[in-house]
Amino acid sequence: MIKINEIIVVEGKYDCSTVRRYIDTLVLETGGFRLFKDPELLNTIKLLAEKRGVVILTDSDSAGFVIRNKILSLVDKKHVKNAYIPDIKGVERRKREPSKEGLLGVEGMEESIILDALRKAGVDLGEGNVVERKSLKKSDLYEMGLSGRPDSAKKRQELQKKLGLPKYLSANKLMEILCNL
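Residues numbered from 1 in each chain as written. Predicted model: local features only at pLDDT ≥ 70, side-chain atom pairs only at ≥ 80, totals over all residues. Heavy atoms only, no water.

Chemist: Please clarify how the packing of aromatic side chains should be interpreted in this entry.
Modeler: The geometry of an aromatic ring pair is captured by the separation of the ring centres together with the interplanar angle, meaning the angle of the planes. Scanning the model with the defined rule gives 2 aromatic pairs in all. Aromatic side chains Phe33 and Phe36 sit 5.8 Å apart centroid to centroid with 50° between the ring planes, which places their arrangement in the tilted category. Phe33 gets classed as partly exposed once you look at its relative accessible area, which sits at 46%. Pairing Phe65 with Tyr84 gives two aromatic rings, centres 5.9 Å apart and planes at 20°, and the pair type is stacked. Taken as a pair, Phe65 in helix α3 (residues 62-74) and Tyr84 in the loop between β6 (80-82) and α4 (111-120) lie far apart in primary sequence, 19 residues in all. Take Phe65 and Tyr84: they sit in the same class, and that class is buried. Above the face of the Tyr142 ring, Arg149 is positioned so that its terminal group lies 4.2 Å from the ring centre. (Phe/Tyr/Trp six-rings, centres within 6.5 Å; stacked < 30°, edge-to-face > 60°. Buried < 20%, exposed > 50% of the residue type's maximum accessible area, 1.4 Å probe, protein only. Helix = DSSP H or I, 4+ residues; strand = E, 2+ residues; numbered from the N terminus. Lys NZ or Arg CZ within 6 Å of the ring centre and 35° of its normal.)

Given below as structure tokens:
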């Protein structure tokens, strides 16, 4: 089991148990959209983020991004690392039907995928090779055709698919991820 300093925030209890199989740290569950009605939980996440840092590891569906954005709106970005799981079609073992968007969530990810997402987010997994962040500017995305042009959204989605990233990323989020690859 790998020990990390940051706390990890996930959506549900099954996500929690999956992450806890591989990572030794505090894993907080938002209870899905319960997060929006629980000021105590929001405050806890904010305080722990300031003290230890927080890794947001939500599903790659639209609900996961709504929850991620809520956390990002209240926690100083310098205390946050965003870990993204890829869009993988499927059904979790405990479910009979796929999710609304047909994608596996954090609970359905294998260890290697979760660890890779954490590495890409810049989490030190004790392997002696912490990801060194590159520097990109919005103008770099424009020059690559990934922002500010008529076909930019399509090009971003193609790149995101090649990199195993979820499709709901903004240009700014993609830039942040590219800096960590």
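Chemist: I keep staring at the pattern of salt bridges and nothing clicks. Help me out?
Modeler: Pairing is possible between side chains of opposite charge, provided their charged atoms come close. For the structure shown, the criterion picks out 6 salt bridges. Taking the shortest distance from any N to any O, the salt bridge between Arg94 and Glu107 comes out at 2.8 Å. Of this pair, Arg94 sits in the loop between β6 and α4 while Glu107 sits in the loop between β6 and α4, and the two are 13 residues apart along the sequence. Judged by relative accessible area, Arg94 falls into the partly exposed class, the value being 45%. The exposure class assigned to Glu107 is buried, which follows from its relative accessible area of 17%. (Salt bridge = Lys/Arg side-chain N within 4 Å of Asp/Glu carboxyl O.)

Chemist: Please explain the sheet that holds strand β4 (residues 27-29) as it appears in this structure.
Modeler: To summarise the sheet geometry, strands pair through backbone hydrogen bonds and adopt either a parallel or an antiparallel arrangement. In spatial order, the strands read β4-β2-β5-β6; together these 4 strands make up an open sheet with parallel pairing. Only two strands of the sheet have a single neighbouring strand rather than two, namely β4 and β6. In this sheet, adjacent strand axes meet at a mean angle of 25° when their direction is disregarded. Where strand β2 (residues 7-10) lies against β4, 3 bridges are found, and the strand directions are parallel. (Pairing = 2+ DSSP bridges. Axes fitted to C-alpha atoms, helices over the stretch in contact; angles between N-to-C directions.)

Chemist: Any chance you could explain the pairing of β2 here in plain terms?
Modeler: Across a regular strand the side chains alternate sides, sitting on one face of the sheet and then on the other. Side chains Ile7 and Val9 of β2 all project onto a buried face; the interleaved residues Ile8 and Val10 project onto the opposite face, where all are buried too. Two elements, β2 and strand β5 (residues 54-56), share 3 bridges in a ladder whose sense is parallel. Within the sheet, the bridge partner assigned to Ile7 lies in β5 and is Val54.

Chemist: So what exactly am I meant to see when it comes to the side chain of Thr18 here?
Modeler: Relative to the helices and strands, Thr18 resides in helix α1 (residues 13-22). Once residues lying within four places of it in the same chain are set aside, the contact partners of Thr18 are Val106, Glu107, Met109 and Ile114. (Contact = heavy atoms within 4.5 Å.)

Chemist: Explain the nonpolar core here, please?
Modeler: Most often, soluble globular proteins have nonpolar side chains that are buried together. Among the nonpolar cores identified, the biggest contains 23 residues, and Ile8, Val19, Ile23, Leu57 and Leu118 are the most heavily contacted of them. Counting residues per element, the ones that place at least two in this core are β2, α1 and α4. Counting residues per element, this core draws most heavily on α4, at 4 residues. Discounting chain neighbours no more than four positions away, the residues touching Leu57 are Ile8, Val9, Val10, Val19, Arg68, Ala83, Ile85, Val106 and Ile114. The next biggest cluster of nonpolar side chains, apart from the first, holds 16 residues, and it includes Val9, Ile45, Leu48 and Val80. (Core = buried A, V, L, I, M, F, W, Y, C linked by side-chain atoms within 4.5 Å.)

Keep in mind that these numbers describe shape and distance, not what the molecule does.
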